[in-house]
Amino acid sequence: NRHGFSRSKESTDMSFFDSLEELQERWSGSAGGFSHVEVWDEAAAGYAEKPLPTFEDDPFLAMMQAEGALTPDARVLDIGCGAGLYSIALAPHVAEVVGCDFSEKMAEAARNRATAEGCTNTQFICGNFADLTFDEPFDVVFAHFTPAINSATEFQKMVSLARSWCFMACPTRRRDFVLEEARRLAGVEHGDPDRDRNFLYGFAYAWLLGKTPTVMHYDDVWRDQRTLEDAQAIYANHLVAPDLSAEQKAIVQDYLAQIAEEGTVYERIETTIAMLGFRI
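Residues numbered from 1 in each chain as written. Predicted model: local features only at pLDDT ≥ 70, side-chain atom pairs only at ≥ 80, totals over all residues. Heavy atoms only, no water.

Trainee: A description of the side chain of Thr172 should follow, citing residues and the corresponding values.
Mentor: By the element assignment, Thr172 lies in strand 6 (residues 162-176). Every residue in contact with Thr172, bar those within four places of it in the chain, is listed here: Asp196, Phe199, Thr271, Thr272 and Ala274. (Helix = DSSP H or I, 4+ residues; strand = E, 2+ residues; numbered from the N terminus. Contact = heavy atoms within 4.5 Å.)

This is how it looks when you write it as structure tokens:
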């Protein structure tokens, strides 16, 4: 189809989980350095300048639309909303969108962008999703590229807040070329071992609830850039690992200085975006 992604609703053997209780015990992961609020505070300005996704070009939006989840009277919750790009893209098509993010700078960027775009039916809350309470459920709840859904507890909370639909999108098989080399030089193993498992666990959880999720995927390439000073701080203190020694930090910072081009560090990221959606 026009988005170049695949679709499957075929049965899958999830018998390696005997029960939801077993899955709940096993699914309690870590997003590595990407779970640190400082990483997202630093990235907020860049995300605020990104173009809004569209239904024509964005497979995740197209997926929600194709499933029939977006109706004019729908209330939507955007978990880990970042700079509000998806919330704002959805706003003209639904009654209300509430976004939450644990980064105050991201939430503020979302509010400013919504104002600039003339959105009057969006609300953005700063807080950790696991700790937030909501007065009533939402028709659609989604989590797009966020460390906020990183355990069975958080996934179950997402499901419990949805009246009709849940959607999740995760970068999988991800390669961050600069980050991986920095980790190798510092002698650090892969810092985000649970990132790919989150999608698999999410599918298994929905399956064990008796749902048959729609699954789609597509390949993508991202390019990030930071000033050398920002890159040295973020990579050495958070992304490579949160507990580097002074010697390891120096190795990472020296490497970044060597590859910087006119004071800027460029990162290339290759990933497969895996998406799932299911009706409650």
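Trainee: Go over helix 2 (residues 37-48) with me, naming the residues and quoting the values.
Mentor: For helix 2, with 12 residues, the first-to-last C-alpha span of 16 Å sits near the 16 Å given by 1.5 Å per residue. Considered for burial, the residues of helix 2 that qualify are Val39, Trp40, Ala43 and Ala44. Relative to the axis of helix 2, the buried residues are bounded by an arc of 150 degrees and lie together on one face. Among the structural elements, helix 5 (104-116) and helix 9 (228-239) are those in contact with the buried residues of helix 2. (Expected span 1.5 Å × (residues − 1). Buried < 20%, exposed > 50% of the residue type's maximum accessible area, 1.4 Å probe, protein only. Arc of directions from axis to C-beta.)

Trainee: Please give an account of the pattern of salt bridges that cites residues and values.
Mentor: For the structure on display, the rule yields 11 salt bridges. Here Glu96 and Arg75 are joined by a salt bridge, their closest N and O atoms 2.9 Å apart. Residue Glu96 is found in strand 3 (residues 96-101), and its partner Arg75 is found in strand 2 (residues 75-79); the two are separated by 21 residues along the sequence. Residue classification places Arg75 among the buried positions, given a relative accessible area of 15%. Across the pair Glu104 and Arg111 runs a salt bridge whose closest N-O atoms are separated by 3.1 Å. Under the relative-accessibility criterion, Glu104 is labelled partly exposed at 40%. (Salt bridge = Lys/Arg side-chain N within 4 Å of Asp/Glu carboxyl O.)

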